[in-house]
Amino acid sequence: MSESSAEAVRAVASAAGANGNWRRATGIAGAAIGVVAAGAAAGVALERLTVGRGMRKKARLALDSTGPYGALRGTPGKAEADDGTLLYYEVDDVDPEAVPALSPRRRRLFGRKAPAPVTVVFSHGYCLSQDSWHFQRAALRGVVRTVHWDQRSHGRSGRGEAQLRERVPVTIDQLGRDLKAVLDAAVPEGPIVLVGHSMGGMTVMALADQFPELVRDRVVAVALVGTSSGGLGEVNFGLPVAGVAAVRRVLPGVLRALGQQAALVEKGRRATADLFAGVIKRYSFASRDVDPAVERFAERMIESTPIDVVAEFYPAFSDHDKTAALARFRELPVLVLAGVKDLVTPSEHSEAIADELPEAELVLVPDAGHLVMLEHPEVVTDRLADLLTRAGAVPAGATVGGYGRTNGTARPG
């Protein structure tokens, strides 16, 4: 555990002392409504710990003030989508002065040579933001040119214009076109490595489906992390069969209703933040020793996604089917990586992707959930470094020396 997180935990313990036994467990709470309001968009039964609301708020504030995560910023820019939506992105350029002066840890990752002129473009998942790639961004910073962008209606990007003006449903195809707009603005020339997590991986597939010539001419490698090429309507979210059937039956209508009462729902969401924290943890992480500041960081990203945005995007996943588009990647170095205990996009979906790409590297991370890049950043960063090596973007022999463990001190090198 990091020193900053230890301080936050001590704050929790101190507050607990004044509020009695804060680990007294009570019954089962919540199902689909609680998850929807949290942004997870799936039902769940969870064990709720009875911690005083004031103490919980104090603990969250302590973690917010000490956590360094999500603080990395680059050169900002905006791309305009085909419907006029403004998409926010940031560029981290190669720093020629930094390459020969890398810390020992980063020399183990990339060596001393200057990388090839490749741009690595990161696409984030549902209810997250570009900051979800914090650890990988820190490892690559100054060594390889990177672009991080916020999906429409997420992070610092504008609300989807087509959704606001015409109530047009969000589609994965639209997200693929959004990525194309970002590439046109931020990477108008040169080779590209595409990296996508969850919805971001689907976005990469949609780009390939609609712009095959771009993939053929400019994409030199692809990483698909915790994602799916289709069949998400069959995911059970770790629920028993009866629970899954109920969630599938009521969730679309519940989401529509919640989206129409966004202001009221947001008030309730804030008032029950302690409940949602448990839901978010269950659906984000699988291991027990994740830094509390990382947990809180993930919580903040999901909390910041408005409930009407959650409602707008959810139907797109059941319609998503881009298995055929995977053929566009068959001649490229591809990394397919997933957490074995991912309840949102189960690892079987990554295995199905790998079946379509027999030359791809398939990495299944034990004791990892949906946010594997935050939970086990050293594994994800290591495999990304290897992918970049295979694509000719970094020197051979790159390894990661324990960078970015979430149960220890994690700072940019």
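Right, let's walk through the structure included here. Chains are numbered independently. Their residues run from 1 in the order of the written sequence. Given that this is a predicted model, residues contribute local features only at a pLDDT of at least 70 and side-chain atom pairs are listed and counted only at 80 or more, while totals for whole chains, interfaces and linings are drawn from all residues. As a convention, hydrogens and water are excluded, and side-chain values are obtained from all of the structure's heavy atoms.

Quick word on the overall build of the protein
Part 1 of the reasoning: Strands here are runs of E lasting at least two residues and helices are runs of H or I lasting at least four, both read from the DSSP assignment and numbered beginning at the N terminus. From N to C terminus, the protein includes 17 helices and 10 strands.
Part 2 of the reasoning: With a 1.4 Å probe rolled over the protein chains alone, any residue whose accessible area is under 20% of its type maximum counts as buried; one over 50% counts as exposed, and the rest are partly exposed. Expressed as a percentage of its 413 residues, the buried residues of the protein come to 56%.
Part 3 of the reasoning: We call two residues contacting when some pair of their heavy atoms lies within 4.5 Å. Within the protein, contacts between residues at least 6 apart in sequence are counted, and of these 80% link residues at least 24 apart.
Part 4 of the reasoning: Counting every atom, the protein has about 16,500 Å² of accessible surface; 53% of that belongs to carbon and sulfur. The accessible surface values rely on the Shrake-Rupley method and a 1.4 Å probe; as for residues, cover is taken only from the protein chains in view.

Some details on the pairing of strand β6 (residues 145-149)
Part 1 of the reasoning: Counting buried positions over the five residues of β6 gives four, a clear majority of the element.
Part 2 of the reasoning: Where strand β4 (residues 86-92) lies against β6, four bridges are found, and the strand directions are antiparallel. Within β6, the residue paired with Tyr89 across the bridge is Trp149.
Part 3 of the reasoning: A pair of strands counts as paired when DSSP detects no fewer than two bridges linking them. The pairing of strand β5 (residues 119-123) with β6 spans five bridges and is parallel. Note that in β6 the partner of Val121 across the bridge is Val147.
Part 4 of the reasoning: Taken together, β5, helix α5 (residues 134-140) and β6 form a β-α-β motif whose crossover is right-handed. With its strands directed away from the observer, a crossover is right-handed exactly when the path from the first strand over the helix to the second travels clockwise.

As for a nonpolar patch on the surface
Part 1 of the reasoning: Within this analysis, patches are made of residues with over 30% relative accessible area and no salt bridge. Like charges are joined at 9 Å or less; nonpolar side chains (Val, Leu, Ile, Met, Phe, Trp, Tyr) at 5 Å or less. For this document, the term salt bridge refers to a Lys or Arg side-chain nitrogen within 4 Å of an Asp or Glu carboxyl oxygen. Taken together, the side chains of Val340, Leu362 and Leu364 make up a nonpolar region of the molecular surface, amounting to roughly 210 Å² of accessible area.
Part 2 of the reasoning: Tracing the chain through its elements places Leu362 in strand β10 (residues 361-365).

Section: the pattern of salt bridges
Opposite charge on two side chains permits them to pair, given that their charged atoms come into close proximity.
Part 1 of the reasoning: Under the definition given, this model contains 27 salt bridges.
Part 2 of the reasoning: In this structure, the salt-bridge partner of Arg296 is Glu299, at a minimum N-O distance of 2.9 Å. Of the two residues, Arg296 and Glu299 both sit in helix α13 (residues 292-303), three residues apart, roughly one turn of that helix. Glu299 shares its class with Arg296; the two are buried.
Part 3 of the reasoning: Ionic contacts of the salt-bridge type, sharing partners, join the residues Arg73, Glu90, Asp92, Asp131, Arg137 and Arg141 into one network.

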